[in-house]
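Remarks on the overall topology
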Amino acid sequence: MTKVLVSGATGTIGRPLVSQLEEAGADVRTVTRQLTDPVALESALDGVDAVFLLWPFASAEGIREVLELIGARRVVYLSSAAARPHEVEIERLIAATAGEWTVLRPHAFAANTLRWADQVRAGVVRQPYGDVASAPVHERDVAAVAVRALLGEGHHGAVYTLTGPRPLTRREQARTIGAAIGRPVRWEEESPEEARPRLLGLGWPAPAVDAMLRGMAEPGPVTGTVEEVTGAPAGTFETWASEHAADFLGTMRAARIHEYGDASVISLEEVPVPKPGPGEVLIRVTATSFNPSEAGLRMGLLKDVLGVTLPHTLGWDVAGTVVTGAGDLAPGDRVIGLIDGAAAEYAVARASVLARAPERIPLAHAAAVPVAGLTAWQAVFEHARIGRGSRVLINGAGGGVGLFAVQLAKVAGAHVVATASPRSAAAVRALGADEVVDYTTAALPGGNDVLINLVPDLPSSVTELAEEFVSITQPIVHPRAVQFVARNDPDQLTELVALIDKGLVDVEADVRPLESLADLHREAERGLVRGKVVLTLEARR
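A brief report on the enclosed structure follows. All values reported here derive from a predicted model rather than from experimental measurement. (Residues numbered from 1 in each chain as written. Predicted model: local features only at pLDDT ≥ 70, side-chain atom pairs only at ≥ 80, totals over all residues. Heavy atoms only, no water.)

The next subject is the packing of aromatic side chains. Summed over all chains, the structure comprises 5 aromatic pairs. Seen from their ring centres, Trp55 and Phe57 are 5.0 Å apart, and the 75 degrees between their planes marks the pair as edge-to-face. Residues Phe237 and Trp240 carry aromatic rings whose centres are separated by 5.6 Å and whose planes lie at 20 degrees to one another, so their mutual orientation is stacked. In this pair, Phe237 and Trp240 both sit in helix H11 (residues 237–243), 3 residues apart, roughly one turn of the helix. Put simply, the rings of Phe237, Trp240 and Phe248 pair up and form one aromatic cluster. (Phe/Tyr/Trp six-rings, centres within 6.5 Å; stacked < 30°, edge-to-face > 60°. Helix = DSSP H or I, 4+ residues; strand = E, 2+ residues; numbered from the N terminus.)

Structure representation (structure tokens):
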């Protein structure tokens, strides 16, 4: 196993480099401040075969002593395409002392545009040289080339100039960032004379500012070095911007609770946009939906069951558009899923738990599907095992789960008897129920093969109504009864989406803004909510 020492391990290149080296099976050690501490550096170098050297200073002072400690090990040095005098001197000294050496000279990092983040949030990027083009390089590609040079053969003496795959003007880069975050970003040209005092005001020394402005005025080259070394095409700026969307977005609105209690504990507040981790996507939320069990969560009744940590962002159902892709999902894909924290402008979720949204209905309406649809699916197909000719009594058919259960039972070929209040009866009948019973005036009918119970209150005679029982609320005492809590199953969700797109399942929802969430909780507690209510929360444009 090759032992590699990485300096600058917490930096823009260091983080992906450490990750890629570990994935390649290397034994990785890291140094930060210890680089100029001879005792600490000598200890860190013990047993090391190769060194990734990032020199964090604007002069070559002190590098000779560091290189003497590194000795004849393999060295990969992160220089720059600017080839500043101190970088050239460091390159010369490395070539004279290292056993094997490789120099990386990246041109403009895509990550340099993060300096525009505040301006991007304001909608206007004001910088000089907007029409000068360069090919920004993804930090992950620089790390990938470094991994080959540190662990592979055939790189001794190479000086690699690294760029992205195609040139973009700075104006186009700003537009690309805007597209990635779903907000228009306008370029406003700043003269070099205006830019210089602004940059000096940030604390940069005058020589560095003047060198930066000279570099910005010159178009950058485009090389194929990344692909030649790694065998994979260099990442595009569009990909980089999508992956870093959260860094530009800043904050978002989210419906949160900081304590348990009545509906007044729900507040709509500004919080940081979450950043997706490995295997996760960032979703621009179009809508979430309300589920009655969320009132129980808000009151603290589910804290031991769900392990909720306060403050907590509400919302389990999500429908939205992928901003940062992962797995099989790419930016722009429309998705739905059962996640935590969907009552916000943006949410993160593992790509593996999401399904592509139905095309036949508005994306906002699709937020009604995950929790209610999965619950109904599992009740009908897994637990009740309804088949053609079955007679099924669905108790509480006018609720969000019930409206799906009626349709899925009809898809299965059952004769559906549905209980509903007078205000829900027409909707339940329109969705295919063969018989609709007004539970406020009539007794529940017997003679059923299975009863699917979706309401909390049941008569004592319920066990006389069917041969088998499925309940999502209170348990039914009977040898052929099951009570269950729905689980997340993206494969079932995908099957449900297919039925929606075929027109076999309709989705009906009352659409409201997220700002009405607290009032919705109050209505639900008074029994005034029928069917599914979706709450729209389009990200600010």
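More follows now that the structure is in view.
A few words now on empty space enclosed by the protein. Empty space among the atoms becomes apparent when a probe as large as a water molecule is rolled across them. The final tally for this structure, using the stated rule, is 4 cavities of 30 Å³ or more. In this structure, the largest cavity occupies an estimated 70 Å³ of space. Considering the residues around the largest cavity, the lining is formed by Ala368, Gly400, Leu403, Phe404, Gln407, Leu431, Asp506, Val507, Glu508 and Lys532. Partitioning the lining of the largest cavity into residue classes produces 5 nonpolar, 2 polar and 3 charged. (1 Å grid on protein atoms, 1.4 Å probe; cavity = no way out; pocket = protein on both sides within 12 Å on 5 of 7 lines; lining within 4 Å. Points joined across faces, edges and corners; volume = space filled by probe spheres on them. Nonpolar A, V, L, I, M, F, W, Y, C, P; charged D, E, K, R; others polar.)

Of all hydrophobic cores here, the largest spans 57 residues; its most connected members are Val6, Leu17, Leu21, Phe52 and Leu104. Looking at which element gives the most residues to this core, the answer is helix H6 (residues 139–151), with 7 residues. What Phe52 contacts, discounting residues up to four positions off in sequence, is Leu5, Val6, Ser7, Ile13, Leu17, Val76, Leu78, Leu104, Ala146 and Leu150. Grouped together as the second largest cluster of nonpolar side chains are 51 residues, Ala366, Ala376, Ala414 and Val470 included. (Core = buried A, V, L, I, M, F, W, Y, C linked by side-chain atoms within 4.5 Å. Buried < 20%, exposed > 50% of the residue type's maximum accessible area, 1.4 Å probe, protein only. Contact = heavy atoms within 4.5 Å.)

Think of it this way: side chains of opposite charge can pair up when their charged atoms draw near. Counted under the stated rule, the structure contains 33 salt bridges. Taking the shortest distance from any N to any O, the salt bridge between Glu87 and Arg84 comes out at 2.8 Å. Residue classification places Glu87 among the buried positions, given a relative accessible area of 5%. With a closest N to O distance of 3.2 Å, Asp489 and Arg487 form a salt bridge. Judged by its relative accessible area of 37%, Arg487 is partly exposed. (Salt bridge = Lys/Arg side-chain N within 4 Å of Asp/Glu carboxyl O.)

This paragraph deals with the sheet that holds strand E12 (residues 266–272). Spatially, 3 strands are ordered E12-E11-E14 in an open sheet, and the strand pairing comes out antiparallel. Edge strands, defined here as strands with exactly one partner in the open sheet, are E12 and strand E14 (312–313). Here 2 bridges tie strand E11 (residues 251–257) to E14, and the two strands are oriented antiparallel to one another. Residue pairing for E14: Ile257 is matched across the bridge by His312. (Pairing = 2+ DSSP bridges.)

Purely geometric numbers; function is a separate question.
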